[in-house]
Protein chains: 2
Amino acid sequence: MPSISRRGKTMPESPIRKLVPFAEAAIKRGIKIIHLNIGQPDIKTPKVALDAVRNNTLEVLAYSRTEGSESYREKIAGYYAKNDIHVDADNIIVTTGGSEALSFALGSIADNDDEIIIPEPFYANYNGFANASGIKVVPVVSSIENNFALPPIDEFEKLITPRTKAILICNPGNPTGYLYTREEIKKLATIVKKHNLFLVADEVYREFIYDGREHYSILQEKGLEEHAIIIDSVSKRYSMCGARIGYLVSKNKEVMQTALKFAQARLSPPTYAQIASEAALETPQSYFDDVKKEYEGRRNILISELNKLEGVVVGQPQGAFYCIAQLPIDNADTFAQWLLEDFNLNGETVMVAPAAGFYATDGLGTNQIRIAYVLKKEELKRAVHILKEALKVYAH
Amino acid sequence: MPSISRRGKTMPESPIRKLVPFAEAAIKRGIKIIHLNIGQPDIKTPKVALDAVRNNTLEVLAYSRTEGSESYREKIAGYYAKNDIHVDADNIIVTTGGSEALSFALGSIADNDDEIIIPEPFYANYNGFANASGIKVVPVVSSIENNFALPPIDEFEKLITPRTKAILICNPGNPTGYLYTREEIKKLATIVKKHNLFLVADEVYREFIYDGREHYSILQEKGLEEHAIIIDSVSKRYSMCGARIGYLVSKNKEVMQTALKFAQARLSPPTYAQIASEAALETPQSYFDDVKKEYEGRRNILISELNKLEGVVVGQPQGAFYCIAQLPIDNADTFAQWLLEDFNLNGETVMVAPAAGFYATDGLGTNQIRIAYVLKKEELKRAVHILKEALKVYAH
């Protein structure tokens with residue numbers, strides 16, 4: 001029997017994959033599960049986007065342009081301009097989700113055995129894309145005690161080698177909810193310019209910023225044009241994760257020409273999804289205001305309820321819709337499984353994502369979980385109550 | 001300025017990319033272009049597929065399952081059963097186009113610097129996917145004189161090294177239209193079993209087989225279960241290239257488990273496209289009968305017209321909707337550009353794909369072009385007439 005590749009063997013599994021059979025078994029036993037583990041929002045997709053697809057008159061569902069249509073990319077440039085990010089259509093490639101934008105970016109800037117520095121904890125799938133391309137993830141630790149702020153620049157510099165090609169950040173962060181300040185972005189700008197690196201920023205949660213704070217994009221930072229690559233996506237912005245539309249955005253022409261070659265190999269991004277995504281740009285501001293208010297309210301309840309729990313340490317997310325919570329337990333994998341296998345409160349339990357999968361350093365995050373607050377407030381409250389009762393039982 | 005990767009530098013460009021500016025300039029000068037260069041069918045997408053998307057009642061465009069829904073994969077298994085290919089839902093992963101299925105397959109079975117043997121000429125984008133994954137394409141030449149039949153097995157064996165992981169075929173072939181016989185598939189089966197390799201078959205044109213011939217899939221070959229990986233796609237089958245839905249199909253459990261990890265990293269295939277593709281499985285047989293008859297008629301006209309041209313050698317395609325034509329010229333790149341830049345017949349010219357991009361061996365195919373017969377018969381006739389007149393002028 002022929003054998004699979006080394007990279008296949010080292011491809012990481014999703015942090016919750018191991019839990020799925022236990023969740024399925026719990027459901028079979030009649031247990032209701034509140035899902036704190038996934039970032040699939042319950043928010044409705046803007047009607048203007050859904051209607052555009054329902055009313056389409058295509059007779060041949062043809063390939064689109066490899067980089068997305070001119071008209072769509074011009075409208076995307078308009079969206080960025082409103083966010084004080086000044087790019088034109090040529091600086092944008094439409095991709096199949098932010099995932100593909102990141103794959104193209106990594107492939108364009110790093111070779112097998114090259115290194116990318118990423119503050120951890122980070123979005124677990126970065127590991128997958130890096131592994132698929134043979135790129136080594138070099139983590140730099142950010143800590144829950146500092147609310148996952150940018151680690152000191154010294155810590156980055158210690159890790160830079162001749163093989164380092166880029167620093168990758170997620171801003172605001174999944175799984176931390178941390179929003180990098182303007183000063184932190186400037187520090188990153190200085191170091192990437194000094195060492196001639198790329199700065200790749202996953203800014204898919206740009207719209208979800210709370211407490212009156214403002215997002216500062218790497219493309220707002222003057223002088224960073226040749227270094228900056230933005231990964232973007234419509235998935236969370238318009239609650240249309242199933243569209244699979246993202247963007248790669250850079251003013252570096254060589255990067256764009258190279259990424260376009262990767263894009264050509266896969267022909268085009270999905271056509272229906274582009275119809276929905278182009279229409280979504282017409283979403284009224286009131287939609288975003290409502291959604292932001294809703295998430296901010298959810299965050300407030302989740303964090304204040306979690307803070308009431310004995311022995312629980314929780315970050316204060318300033319954006320996105322995740323938080324990392326440190327629990328008074330030894331091993332979140334075991335605990336998450338136990339929640340599904342052995343615990344319920346009046347027939348209900350919670351499913352959480354063990355946070356170890358969001359760290360690259362072995363042994364970090366083992367007593368932490370990631371919670372996504374994409375549920376209604378009452379449900380979030382009940383979920384924390386279940387967690388509280390579960391922790392009491394688990395301690396004995 | 002930070003520099004792009006070596007793999008970025010070596011990513012091949014689409015064989016027609018260089019011609020696009022010349023085509024655009026021709027259009028600006030008022031020249032009408034008949035496109036023989038692209039595989040975008042003019043055939044209408046089945047109404048049942050289009051209607052399913054128009055009538056969708058989604059309110060949240062959510063992620064689908066990573067591997068595609070159970071119900072959809074069960075229906076796909078039913079489709080295969082009708083084609084005498086016996087697989088179940090667990091042997092299928094739904095992907096974003098056949099492109100992604102191939103990326104997952106290559107990543108799962110080959111590491112950086114590993115080798116894949118491919119009969120050339122082959123679908124140009126195989127180069128792109130191999131390059132992105134750091135895999136070396138090792139070509140084995142099939143010749144127009146033999147109508148691009150499978151090269152002698154000796155020729156494959158000479159190329160096998162410890163780094164060889166697979167043989168990749170496209171059946172029926174893009175760009176050749178060649179249909180491998182049952183005997184040829186059996187020969188390939190013997191060699192991959194002997195050398196413990198995978199056999200990857202791109203069977204996206206399975207439905208387009210002419211002259212009463214029958215397609216013999218690698219998964220119909222008994223004893224090949226652990227070696228066989230099928231790449232499939234809805235793009236051409238239902239004329240829905242813009243959906244971006246394909247399948248990876250294998251009975252090798254380790255391959256499927258590994259490919260699933262690659263799939264998890266990118267979350268899910270596009271949701272709307274899956275609605276269309278699942279509905280497309282209900283397309284009545286009459287649709288395929290009509291489409292096949294139409295393509296067969298187009299092929300007959302194209303080939304007989306090309307055969308009338310002095311000094312032109314053309315393969316006899318038995319499937320798909322492409323052919324390779326050898327022209328009495330030195331360099332098809334120059335000729336294709338000249339057709340757009342300097343020639344027209346009553347205000348019309350043709351755009352063709354130079355075939356060199358479909359070969360991995362330098363210097364092969366330089367006097368060949370690929371023609372896609374995805375145009376109406378009258379237009380194909382006119383295109384060959386234009387080509388004939390152009391060749392006359394070009395010779396002087």
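Residues numbered from 1 in each chain as written. Chains lettered and ligands numbered in written order. Predicted model: local features only at pLDDT ≥ 70, side-chain atom pairs only at ≥ 80, totals over all residues. Heavy atoms only, no water.

- As named in an unreviewed UniProt entry, chain A is Aminotransferase, taken from Arenibacter echinorum.
- Of the comments in the UniProt record for chain A, the one headed Cofactor (unreviewed entry) reads "pyridoxal 5'-phosphate".
- Among the UniProt annotations of chain A, the heading Sequence similarities (unreviewed entry) holds the following wording: "Belongs to the class-I pyridoxal-phosphate-dependent aminotransferase family." (UniProt positions renumbered as here; feature names shortened; annotations may be inferred.)

**Topic: the overall build of chain A**
(1) Moving on: Secondary structure summary: chain A contains 13 helices and 13 strands in total.
(2) Moving on: The globule rule puts the C-alpha radius of gyration for 396 residues at 21 Å, and the 21 Å found for chain A is close to it.
(3) Moving on: Here the C-alpha coordinates of chain A stretch approximately 60 × 60 × 55 Å along the principal axes.
(4) Moving on: Counting over 396 residues, chain A shows a buried share of 62%.
(5) Moving on: Partitioning the contacts of chain A with sequence separation of at least 6, the portion at a separation of at least 24 is 76%. (Helix = DSSP H or I, 4+ residues; strand = E, 2+ residues; numbered from the N terminus. Rg over C-alpha atoms; globule rule 2.2 N^0.38 Å. Buried < 20%, exposed > 50% of the residue type's maximum accessible area, 1.4 Å probe, protein only. Contact = heavy atoms within 4.5 Å.)

**Considering helix H4 (residues 70-82) of chain B**
All names here are of chain B.
(1) Moving on: With 13 residues, H4 should cover 18 Å at 1.5 Å per step; its first-to-last C-alpha distance of 19 Å lies within 8% of that length.
(2) Moving on: Of the residues making up H4, those classed as buried are Tyr72, Arg73, Ile76, Ala77, Tyr79 and Tyr80. One face of H4 carries all of its buried residues, which in axial projection span an arc of 155°.
(3) Moving on: Those residues of H4 that are buried lie in contact with strand E2 (92-95), strand E7 (228-233), strand E8 (246-250) and helix H10 (271-280).
(4) Moving on: Looking one or two places after H4, you find Asp84, whose phi comes out positive at around 60°. (Expected span 1.5 Å × (residues − 1). Arc of directions from axis to C-beta.)

**Remarks on the pattern of salt bridges**
(1) Moving on: A full pass over the atoms with the stated rule returns 58 salt bridges over all chains.
(2) Moving on: Linking Lys75(A) and Glu278(A) is a salt bridge whose minimum nitrogen-to-oxygen distance equals 2.9 Å. Taken together, the residues span a long stretch of sequence, with Lys75(A) in helix H4 (residues 70-82) and Glu278(A) in helix H10 (residues 271-280) at a distance of 203 residues.
(3) Moving on: With a closest N to O distance of 2.7 Å, Asp211(B) and Arg299(B) form a salt bridge. Placement of Asp211(B) in the loop between strand E6 (198-202) and E7 and of Arg299(B) in helix H11 (residues 285-307) is noted, with a sequence separation of 88 residues between them.
(4) Moving on: Salt bridges sharing partners connect three or more residues here, namely Arg17(A), Arg65(B), Glu67(B), Glu70(B) and Arg73(B). (Salt bridge = Lys/Arg side-chain N within 4 Å of Asp/Glu carboxyl O.)

**Notes on the sheet that holds strand E4 (residues 136-141) of chain A**
Residues and elements named next belong to chain A.
(1) Moving on: Strand order in the open sheet made by the 7 strands is E2-E8-E7-E6-E5-E3-E4, with mixed pairing throughout. Every other strand in the sheet has two partners, leaving strand E2 (92-95) and E4 as the edge strands with one partner each. Averaged over all neighbouring strand pairs, the angle between strand axes comes to 25°, with direction disregarded.
(2) Moving on: Note that strand E6 (residues 198-202) and strand E7 (residues 228-233) share 4 bridges and pair parallel. Across the sheet, the residue bridging to Asp202 is Ile231, located in E7. (Pairing = 2+ DSSP bridges. Axes fitted to C-alpha atoms, helices over the stretch in contact; angles between N-to-C directions.)

**Section: the interface of chain B and chain A**
(1) Moving on: If you look at the interface, chain B gives 77 residues, while chain A gives 77 residues.
(2) Moving on: Between chain B and chain A, roughly 6500 Å² of surface is buried when both sides are summed, and carbon and sulfur atoms account for 53% of that area.
(3) Moving on: Linking chain B with chain A are 6 salt bridges.
(4) Moving on: A salt bridge links Lys44(B) to Glu59(A), with the nearest nitrogen and oxygen atoms 3.4 Å apart.
(5) Moving on: Summed over the shared surface of chain B and chain A, the number is 46 residue pairs in polar contact (both at pLDDT 80 or more).
(6) Moving on: Of all the secondary-structure elements, those providing two or more residues to the side of chain B that touches chain A are helix H1 (6-10), helix H3 (47-54), helix H5 (97-109), helix H6 (125-132), helix H9 (253-265) and H10 of chain B.
(7) Moving on: In terms of residue count, H9(B) provides more of the side of chain B that touches chain A than any other element does, 8 residues in total.
(8) Moving on: Partitioned by chemical class, the residues of the side of chain B that touches chain A number 34 nonpolar, 26 polar and 17 charged. (Buried area = accessible area lost by both parts, 1.4 Å probe. Polar contact = N/O pair within 3.5 Å; in protein donor to acceptor, adjacent residues only side chain to side chain. Nonpolar A, V, L, I, M, F, W, Y, C, P; charged D, E, K, R; others polar.)

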